[in-house]
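One letter stands for each residue in the lines below.
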Amino acid sequence: MKTNLDQFKAFLPKADGEKQLTDNCVVYTRVSSKEQDDNTSLPYQKARCKDYAARKGYHIVECFGGTYESAKNDERKEFQRMIKFVKSSKLAVSRIIVLSFDRFSRSGANAIYLISNLKQLNIYVESVTQEADYSIPSGELMQGIQLLFSKLDNDQRKQKTIAGMVEMLKAGYWPNKAPIGYRHNKGADWDYRIVPHEKIAPLIRKAFLLKAQQGKSNTEITKLLNAMGLKLNRKKLTEIFKNPFYCGILVSRMLPGQVIEGKHEPIISKDLFLQVNQIVVKNMYGIKPHKELEDFPLKQFVH
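Residues numbered from 1 in each chain as written. Predicted model: local features only at pLDDT ≥ 70, side-chain atom pairs only at ≥ 80, totals over all residues. Heavy atoms only, no water.

Caption draft 1: Quick peek at unusual backbone geometry. At Ala92, a position not held by glycine, the phi torsion is positive, near 55°. Checked against the element boundaries, Ala92 lands in the loop between helix H3 (77–88) and strand S3 (95–98). Taking the relative accessible area as the measure of exposure, Ala92 reaches 23% and is therefore partly exposed. (Helix = DSSP H or I, 4+ residues; strand = E, 2+ residues; numbered from the N terminus. Buried < 20%, exposed > 50% of the residue type's maximum accessible area, 1.4 Å probe, protein only.)

As structure tokens, this is what we get:
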């Protein structure tokens, strides 16, 4: 009697901790910014991934992402939630479907390492637009090259962005988020892109004056500001006092050792800024600041 060898497959040995390859998959989509989200990129990614899964005969058990997350590193919330799900789910997920590998990650070698670890669990990352057999060495090589190119593209964009920001700083324009007390004036000329906030700027100026003229502690000043509607803690107030932006000066890590005269409108004078910081330095070394001002020695007695 001829024996059917398929009957013995149930007795095949399994490697320790090995997961069986299944047709279950998840879909991961992302964009880098809100602006990109507005052009229906996310729905497009999801639709393409679903078509790919249907063509391959995969069963989608969950969709992740669907929001804007930078791929410069792999500490994204949705990304980490997806990785945790595929590793621990009882549904035995074997594939992560993305539109392209730059949607999965732009972290280069770190992404290659992560994909290698997932592969050991029989979980493969597959790209709709860069289709290949990722289970064989040539496919794995192509996948790695694509991930490295994604990082290269990201690094080149970053380099161009930083170069542009440096030129803006040298010209006297602040390229980052405006400090508290200022607001962005969208659509205006560059000289007026960052302007003092109508309600907050006077309170910031008052904080400097309270420190310079009355020698009040940061705790006292924050209490007064909070009572006037500006919620600050001592740490934030200290950062404000140390930021020369408020007197029209730009300093940045992108321009080490350089001090730039800003084009924005200052909230306080340079003299007031320096005066406050002299008091701060004296307090740091336990020297009690004098209430008198050198130019107005009797000011504390005048009402």
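Caption draft 2: Representation of the environment of Leu255 in the model. Turning to its location among the elements, Leu255 is positioned in the loop between strand S7 (249–250) and strand S8 (260–261). Sequence separation between Leu255 and Val166 is 89 residues, and the spatial gap between their C-alpha atoms is 7.1 Å. If near-sequence neighbours (up to four positions away) are discounted, Leu255 is found in contact with Val166, Leu169, Lys170 and Ile260. (Contact = heavy atoms within 4.5 Å.)

Caption draft 3: Seen up close, the nonpolar core. Grouped together as the largest cluster of nonpolar side chains are 32 residues, with contacts concentrated most on Phe208, Leu225, Tyr246 and Ile268. For this core, the elements supplying multiple residues, two or more each, are helix H6 (137–170), helix H7 (200–214), helix H8 (218–227), helix H9 (234–241), S7 and helix H10 (270–284). In terms of residue count, the dominant contributor to this core is H7 (seven residues). In contact with Leu225, other than residues within four places in its own chain, are Leu203, Ala207, Leu230, Leu232 and Leu237. Grouped together as the second largest cluster of nonpolar side chains are 21 residues, Phe79, Met82, Val98 and Ile115 included. (Core = buried A, V, L, I, M, F, W, Y, C linked by side-chain atoms within 4.5 Å.)

Caption draft 4: Expanded view of the pattern of salt bridges. Enumeration over the complete set of coordinates arrives at six salt bridges. Here Glu126 makes a salt bridge to Arg95, at a shortest N to O gap of 2.9 Å. With Glu126 in strand S4 (residues 124–127) and Arg95 in strand S3, the pair connects residues that are 31 residues apart, well separated along the chain. What makes Glu126 buried here is its relative accessible area of 8%. The shortest N-O distance in the salt bridge between Glu261 and Lys270 comes to 3.1 Å. (Salt bridge = Lys/Arg side-chain N within 4 Å of Asp/Glu carboxyl O.)

Caption draft 5: A look at the pairing of S3. Side chains Arg95 and Ile97 project from S3 onto one buried face, and the interleaved Ile96 and Val98 project onto a second face that is buried too. As defined by bridge partners, strand S1 (residues 24–31) adjoins S3 across three bridges and the pair is classed as parallel. In the strand pairing of S3, Cys25 is matched with Arg95. Relative to S4, S3 is paired through four bridges, and the arrangement is parallel. Along S4, the bridge assignment pairs Val98 with Ser127. (Pairing = 2+ DSSP bridges.)

Caption draft 6: Representation of a nonpolar patch on the surface. A cluster of nonpolar side chains, contributed by Leu141, Met142, Ile145, Phe149 and Leu152, occupies part of the molecular surface with about 470 Å² of accessible area. As for its position among the elements, Leu141 is in helix H6. For Leu141, a relative accessible area of 54% puts it in the exposed group. (Patch = residues over 30% accessible without salt bridge, like charges linked within 9 Å, V, L, I, M, F, W, Y side chains within 5 Å. Areas by Shrake-Rupley, 256 points an atom, 1.4 Å probe, with all protein chains shown as cover.)

So far we have only geometry, and geometry alone does not tell us how the molecule works.
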